[in-house]
Amino acid sequence: EDTGGDDEVFEYGKGDFTEHACRYCGVSNPACVVRCNVPSCRKWFCNSRGNTSGSHIVNHLVRAKHKEVCLHKDSPLGETILECYNCGCRNVFLLGFISATTESVVVLLCREPCLSVNALKDMNWDLSQWCPLIDDRCFLQWLLKVPSEQEQLRARQISAQQINKIEELWKTNPDATLEDLEKPGVDDEPQPVVLKYEDAYQYQNVFAPLIKLEADYDKMMKESQSKDNITIRWDIGLNKKRVAYFVFPKEDNELRLVPGDELRLRYSGDAAHPSWHSVGHVIKLTAQEEVALELRASQGVPVDVTHGFSVDFVWKSTSFDRMQGAMKTFAVDETSVSGYIYHHLLGHEVEMQMVRNTLPRRFGAPGLPELNASQVFAVKSVLQKPISLIQGPPGTGKTVTSAAIVYHMAKQGQGQVLVCAPSNVAVDQLAEKISATGLKVVRLCAKSREAVSSPVEHLTLHYQVRHLDTSEKSELYKLQQLKDEQGELSSSDEKKYKALKRDTEREISQSADVICCTCVGAGDPRLSNFRFRQVLIDESTQATEPECLIPLVLGAKQIVLVGDHCQLGPVIMCKKAARAGLAQSLFERLVLLGVKPIRLQVQYRMHPALSEFPSNSFYEGTLQNGVTINERQSPGIDFPWPVPNRPMLFYVQMGQEEISASGTSYLNRTEAANVEKIVTTFLKSGVVPSQIGVITPYEGQRAYIVNYMSRNGSLRQQLYKEIEVASVDSFQGREKDYIILSCVRSNEHQGIGFLNDPRRLNVALTRARYGIVILGNPKVLSKQPLWNGLLTHYKEHECLVEGPLNNLKQSMVQFQKPKKIYN
Amino acid sequence: DDEVHVRQKVAEVDPLEVADFDRELRALMQESLDSRKLELRSRPTINMMIPMNVFEGPTKEHHHGRGIDGESGDETIDEGSGGTKEIRVKVLVKRGNKQQTKQMYIPHDCSLVQSTKQKEAAELEE
Ligand SMILES: [Zn+2]
Ligand SMILES: [Zn+2]
Ligand SMILES: [Zn+2]
């Protein structure tokens, strides 16, 4: 996750939320709203009826028994308290207009007593045509406009019952909001997500508590991650900043440290050193599980001490704040997204719209590989629709397709295109591809990640700022040099430096064709004044809805969501929030609402033998192979595949599963030992470590395998250290030539836990390009229908084997009848 | 432009709610009237003179289209309101003791201006 800088306190969307918005429905057009003039109230209401018989202002006045109003300063009459021209009476239920008998001059006059004063009749006033201010339960529409139909559709759809309830609540709590009406009690289950929402306020009412739950859980989890007795290795970075290297043991799948995370390093002090602490950002995670932490302050660091440090996690609410902010913007700012997108996202029935754009003659883009038929179809139809979903099964070239789409969008001249994904890795990949088309790309990174190395460093905003003008004339460059040399600047120089940097950042960002950042990064204050009509979100099926909303509410009129709902969704740590549906992505909900995803159909990753099962089980058999068997043969690699030309095997394991030392994960020693043997066989046959990936659903097993291989591997230790051992989940979106999958679970009486999720199995099976080895217990796994299918598939192709690696034999193990297992 | 056609379910207004609301609205009207009748037995003094400058013909306004106190009334002009004809009126309000006029447009068929128009029509015929 991406978070913003530390030096800026940013109130989300400040200025967007108008004080004079109707307290019932949110309409804020100055010509349509009046303020209740009762001093204890002073709330604004509009003149639309919405779903009630009277207009909102009249509803309020009647229910609250308030009688005075004041017009908005930007209304035709300006800031005016409505009152009788003659006696000053302000009771709107008594007021009406009269006109002069000779001229087109009108005034407000009260019905009692002024209208019945005889003396007036002798003057220039026509009393016979007194016209009441409130007519048919509505203010005179020429005085107080009724919001347009569009405005009303975008507003909160408040019911009469809700009005009565909130008016009741205001009697004891004048600041209560409609959200307060729906607030669940502390112990209540949160409201679950639904398919369709009345309006963006109801949407917010559902998602805001879920995001809050997740944020609270995340905070609790991370802040409880303090570790003591940490040993430090000190270093100095290129920017002269102190870097502390240490091992931060992680226990379970739950907390994954990522670059950009903030940690506090503490030393309690000793006879020679005072107690000390400093905050820093994680800039690197090495394969050896070492964390590199760049400290913010370099003074007073006890660099001669190496033992006895403590590390705490510094939790940041930024990403959650931005999601909440985006939902608020979505509700109150009607320019946040187009009307079409607004109604569509909420599940309202909207008449189909096409985007009127001239289509390019060819759909590929310079610098990219030729597109295949399904990719061309995707690009073509996306360019014509305001909302599109692209489903990209593994290896089908969704990054290239996305880059081609962005290329054509940018060429349409509708302003800058915003390109996002939930993960930094995906953003980098996409930024690189888009840049290859020749478009000007700016990759915006969170300030906390600027020190984190990136494969597309030259595209990052901070890099471009540093290299825009490196001549001696550039003041920014001089100040930057000074800062790098000294570590710090004087406060006046720092001020100047920051201002210059901000200007340069703006200049560079504005001149880009495409801005790339994470979804959360789209809420960066540096983009707050930017508008993007066209937004593409890659890996959108791995983002929560509110996360997806962040890039969308910057003015989207055309959106493209790319992803694959048959692979893993967003990681939700709070079970309550996950149960309520926070793990369902916007992409998935749109699919459920009937938006048909365009599926990319040709996969270029897997050996055809490897794609067969996933294609049939997850994609209705539609996945075609863009690679041939020949292209996926590796000459000279001598591995005991049971069937030549079928580089797949299921290695039957009967070893027992165990609970890991942490007590919350699983490991399986026999499987780990066999993983090492398989890895060694690959290495001996000429495969290099970077070609191999070992994946397992359990953190306990992952840690055990890393340890076991480096201790017991029969080849050079370094070779094993270079092999990536990771969770299935962290491997999503990536590939290796050879994949070894260790299933771990081997308990006949329990479920198979993580393996039960078909989407996880899909991800696990589709990472390998050349060959896959699965280790598991068929007796246990076969109970689950999908695994039963997989085992049957391997058995039918004579790839289900047992025995020593150098003498593998067909396994005759009996499968169990599949039944649905709930975990 | 952002034109969108939403197939909307027809908002149903609960007749019981309407009845209840109307009852309360009428009660509030009546109460307002009654209170004034009781409070103000003595007739208020009449202070309804129309300031002379309001009558300073339309020519002045043609030139710069401003209200007499120099505040712009231009933004009130609602040209785009379809086929319904609108009539320009000056709304006279008091700010403290100061009188101000603002231009507004009211619908052609508003009873408020019917008599004025009739009179004008009569004058034209003469
Ligand atoms: Zn009020
Ligand atoms: Zn309203
Ligand atoms: Zn009066």
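Residues numbered from 1 in each chain as written. Chains lettered and ligands numbered in written order. Predicted model: local features only at pLDDT ≥ 70, side-chain atom pairs only at ≥ 80, totals over all residues. Heavy atoms only, no water.

## Focus on helix α20 (residues 699-712) of chain A
All names here are of chain A. For α20, built from 14 residues, the straight-helix expectation of 20 Å at 1.5 Å per residue is met to within 8% by its first-to-last C-alpha distance of 20 Å. When we look at burial in α20, the residues that qualify are Glu 699, Gly 700, Gln 701, Arg 702, Ile 705 and Met 709. For α20, the secondary structure elements touched by its buried residues are β28 (666-667), α19 (669-684), β29 (692-696), α21 (717-721), β30 (724-727) and β31 (736-742). (Helix = DSSP H or I, 4+ residues; strand = E, 2+ residues; numbered from the N terminus. Expected span 1.5 Å × (residues − 1). Buried < 20%, exposed > 50% of the residue type's maximum accessible area, 1.4 Å probe, protein only. Contact = heavy atoms within 4.5 Å.)

## Focus: the nonpolar core
One finds Phe 97, Leu 109, Phe 139 and Leu 143 of chain A to be the most contacted residues of the largest nonpolar core, which totals 72 residues. Broken down by element, this core gets its largest block of residues, six residues, from strand β5 (residues 105-110) of chain A. Not counting chain neighbours up to four residues away, the residues in contact with Leu 109 of chain A comprise Cys 84, Asn 86, Leu 94, Leu 95, Gly 96, Ile 98, Cys 114, Leu 115, Leu 120, Leu 127 and Trp 130 of chain A together with Met 48 of chain B. Membership of the second largest hydrophobic core comes to 71 residues, among which are Trp 315, Cys 420, Ala 580 and Phe 587 of chain A. (Core = buried A, V, L, I, M, F, W, Y, C linked by side-chain atoms within 4.5 Å.)

## Notes on the side chain of Ser 55 of chain A
All names here are of chain A. Structurally, Ser 55 is set in the loop between β2 (44-46) and α1 (56-64). Only 2.9 Å separates the side chain of Ser 55 from the side chain of Asn 47, close enough to count as a polar contact. Excluding residues that lie within four positions of it along the chain, Ser 55 makes contacts with Cys 46, Asn 47, Ser 48, Arg 49, Arg 137, Cys 138 and Phe 139. (Polar contact = N/O pair within 3.5 Å; in protein donor to acceptor, adjacent residues only side chain to side chain.)

## Side note on the pairing of strand β13 (residues 276-285) of chain A
All names here are of chain A. Along β13, seven of the 10 residues are buried, which leaves the element largely enclosed by surrounding structure. Both strand β12 (residues 262-267) and β13 contribute to a ladder of six bridges, which runs antiparallel. Across the sheet, the residue bridging to Arg 264 is Val 279, located in β13. Here β13 pairs with strand β14 (residues 290-295) via five bridges, running antiparallel. Residue pairing across strands places His 281 opposite Glu 294, the latter belonging to β14. (Pairing = 2+ DSSP bridges.)

## Some thoughts on the coordination of the zinc ion (ligand 1)
All names here are of chain A. On the protein side, the zinc ion (ligand 1) has Cys 36 (SG), Cys 41 (SG), His 60 (NE2) and His 66 (ND1) as donor atoms, found 2.0 to 2.3 Å from it. Here the zinc ion (ligand 1) is ringed by four donor atoms whose angles at the metal span 103 to 115°, and the overall shape comes out tetrahedral. Here the donor residues of the zinc ion (ligand 1) are spaced in sequence according to C-x4-C-x18-H-x5-H. The burial state of Cys 36 is the same as that of Cys 41; both residues are buried. (Donors = N, O, S within 2.8 Å, 3.2 Å for Na, K, Ca; no water. Tetrahedral: all angles 85-135°; square planar, octahedral: opposite > 155°, others 65-115°.)

## Quick notes on the coordination of the zinc ion (ligand 3)
Residues and elements named next belong to chain A. The zinc ion (ligand 3) binds to the protein through Cys 84 (SG), Cys 87 (SG), Cys 110 (SG) and Cys 114 (SG), with metal-donor distances spanning 2.2 to 2.3 Å. Viewed at the metal, the four donor atoms of the zinc ion (ligand 3) are separated by angles of 103 to 119°, and the geometry they form is tetrahedral. Coordination of the zinc ion (ligand 3) draws on donor residues from a single chain, spaced C-x2-C-x22-C-x3-C in sequence. Placement of the pair is Cys 84 in the loop between β3 (69-71) and β4 (95-100) and Cys 110 in strand β5, with a sequence separation of 26 residues. Judged by its relative accessible area of 2%, Cys 84 falls in the buried class. Here Cys 110 falls in the buried class, since its relative accessible area comes to 0%.

## A word on the pattern of salt bridges
Under the defined criterion, the tally for this structure stands at 43 salt bridges over all chains. Its salt-bridge partner being Arg 137 of chain A, residue Asp 136 of chain A comes within 3.4 Å of it at the nearest N-O pair. Among the salt bridges present, the one from Lys 222 of chain A reaches Asp 218 of chain A, with a minimum N-O distance of 3.2 Å. With Lys 222 of chain A and Asp 218 of chain A both in helix α6 (residues 200-223) and four residues apart, this pair spans about one turn of that helix. As far as burial versus exposure is concerned, Lys 222 of chain A and Asp 218 of chain A are alike and both buried. A single salt-bridge network, built from bridges that share partners, covers Arg 63 and Lys 65 of chain A together with Glu 17, Asp 20, Arg 23 and Glu 24 of chain B. (Salt bridge = Lys/Arg side-chain N within 4 Å of Asp/Glu carboxyl O.)

## Thoughts on empty space enclosed by the protein
Tallied over the entire structure, the rule returns five cavities of 30 Å³ or more. When its volume is computed, the largest cavity comes out at roughly 80 Å³. The leading source of residues in the lining of the largest cavity is strand β2 (residues 86-95) of chain B, at three residues. Quantified by volume, the second largest cavity comes out at close to 60 Å³. Residue lining of the second largest cavity: Ala 609, Leu 610, Phe 613, Pro 614, Met 648, Leu 765, Ile 772, Leu 790, His 793 and Tyr 794 of chain A, and that is the complete set. Of all the secondary structure elements, the ones that give two or more residues to the lining of the second largest cavity are α18 (608-618) and α24 (785-796) of chain A. Split into classes, the residues belonging to the lining of the second largest cavity amount to nine nonpolar, one polar and no charged. (1 Å grid on protein atoms, 1.4 Å probe; cavity = no way out; pocket = protein on both sides within 12 Å on 5 of 7 lines; lining within 4 Å. Points joined across faces, edges and corners; volume = space filled by probe spheres on them. Nonpolar A, V, L, I, M, F, W, Y, C, P; charged D, E, K, R; others polar.)

## Overview of helix α10 (residues 398-411) of chain A
Residue and element names in this part refer to chain A. Compared with the 20 Å implied by 1.5 Å per residue over 14 residues, the 20 Å span of α10 between its first and last C-alpha is a close match. Of all 14 residues that make up α10, 12 are buried, and the element is covered over most of its length. One or two residues past the end of α10 sits Gly 413, with phi positive at roughly 70°.

## Observations concerning the sheet that holds β29 of chain A
All names here are of chain A. Taken in spatial order, the seven strands line up as β30-β29-β31-β32-β26-β33-β34 in an open sheet, and their pairing is mixed. Both edges of this open sheet fall to β30 and β34 (809-810), since each of them pairs with a single strand only. Examined bridge by bridge, strand β33 (residues 800-802) and β34 share two bridges and lie antiparallel to one another. Along β34, the bridge assignment pairs Val 801 with Gln 810. Along the sheet face, helix α22 (residues 758-765) touches β29, β31 and β32 (768-776) and points at about 130° away from the line of β32. (Axes fitted to C-alpha atoms, helices over the stretch in contact; angles between N-to-C directions.)

## A few points about the interface of chain A and chain B
The partner chain B presents 59 residues to the 71 residues of chain A that form the contact. Taking both sides of the interface into account, the surface hidden between chain A and chain B amounts to around 6100 Å²; carbon and sulfur atoms contribute 60%. Per-residue buried area on chain A facing chain B is highest for Leu 77, Tyr 85 and Trp 142 of chain A; these three make up 13% of the total on that side. Linking chain A with chain B are six salt bridges. Residues Glu 17 of chain B and Arg 63 of chain A are paired through a salt bridge, measuring 3.9 Å at the closest nitrogen-oxygen approach. In this structure, the connection of chain A to chain B is made through 11 residue pairs in polar contact (both at pLDDT 80 or more). Elements represented by at least two residues in the side of chain A that touches chain B include exactly α1, β4, β5, α2 (118-121), β6 (125-132), α3 (149-154), α8 (339-345) and β16 (349-350) of chain A. Along the lines of polarity and charge, the residues of the side of chain A that touches chain B split into 33 nonpolar, 22 polar and 16 charged. Strand direction decides the pairing type here: β5 of chain A and β2 of chain B, joined by two bridges, are parallel. Each bridged residue has a counterpart across the sheet, and for Val 105 of chain A the counterpart in β2 of chain B is Lys 90 of chain B. (Buried area = accessible area lost by both parts, 1.4 Å probe.)

## A look at the sheet that holds strand β20 (residues 514-518) of chain A
All names here are of chain A. Read from one edge to the other, the open sheet built from seven strands follows the order β19-β20-β18-β21-β22-β17-β23, with strand pairing classed as parallel. Because the sheet does not close on itself, it has two edges, and the strands there are β19 (441-443) and β23 (598-599). Contacting β18 (417-421), β19, β20 and β21 (534-537), helix α11 (residues 424-436) runs over the sheet at an angle of about 165° to β20.

## Quick notes on the side chain of Thr 518 of chain A
Within the secondary structure, Thr 518 of chain A is located in strand β20. Among the polar contacts made by the side chain of Thr 518 of chain A, one reaches the main-chain amide nitrogen of Gly 521 of chain A at a distance of 2.9 Å.

## Observations concerning the packing of aromatic side chains
Residues and elements named next belong to chain A. Counted by the stated rule, this structure contains 22 aromatic pairs over all chains. Centroid distance Tyr 24 to Trp 170: 6.1 Å. Interplanar angle 5°. Geometry classified as stacked. In this pair, Tyr 24 sits in the segment before β1 (33-36) while Trp 170 sits in helix α4 (residues 160-172), placing the two residues 146 residues apart along the sequence. Taken individually, Tyr 24 and Trp 170 each receive the classification buried, so the pair is uniform in this respect. For the ring pair Phe 650 and Tyr 794, a centre distance of 6.2 Å and an interplane angle of 75° mean the geometry is edge-to-face. (Phe/Tyr/Trp six-rings, centres within 6.5 Å; stacked < 30°, edge-to-face > 60°.)

## Topic: the environment of Ala 580 of chain A
All names here are of chain A. When you line up the elements, Ala 580 lands in the loop between α16 (575-579) and α17 (586-592). Take Ala 580: its relative accessible area is 7%, and that puts it in the buried class. It is 6.7 Å that separates the C-alpha atoms of Ala 580 and Gln 191, two residues lying 389 residues apart in sequence. Discounting residues that sit within four places of it in the chain, Ala 580 has contacts with Pro 190, Gln 191, Pro 192, Val 193 and Leu 210.

## Brief notes about the confidence of the model for chain B
As a general rule, the predicted coordinates of low-pLDDT regions are not to be interpreted in detail. All names here are of chain B. With 48% of its residues at a pLDDT of 70 or more, chain B shows a mean pLDDT of 66. Mean pLDDT values over the elements of chain B span from 37, in helix α2 (residues 58-64), up to 84, in helix α1 (residues 15-39). Here residues 57-83 is a poorly scored stretch, pLDDT under 50, and it has 29 contacts once near neighbours within four places are set aside; other chains count. (pLDDT = per-residue confidence, 0-100.)

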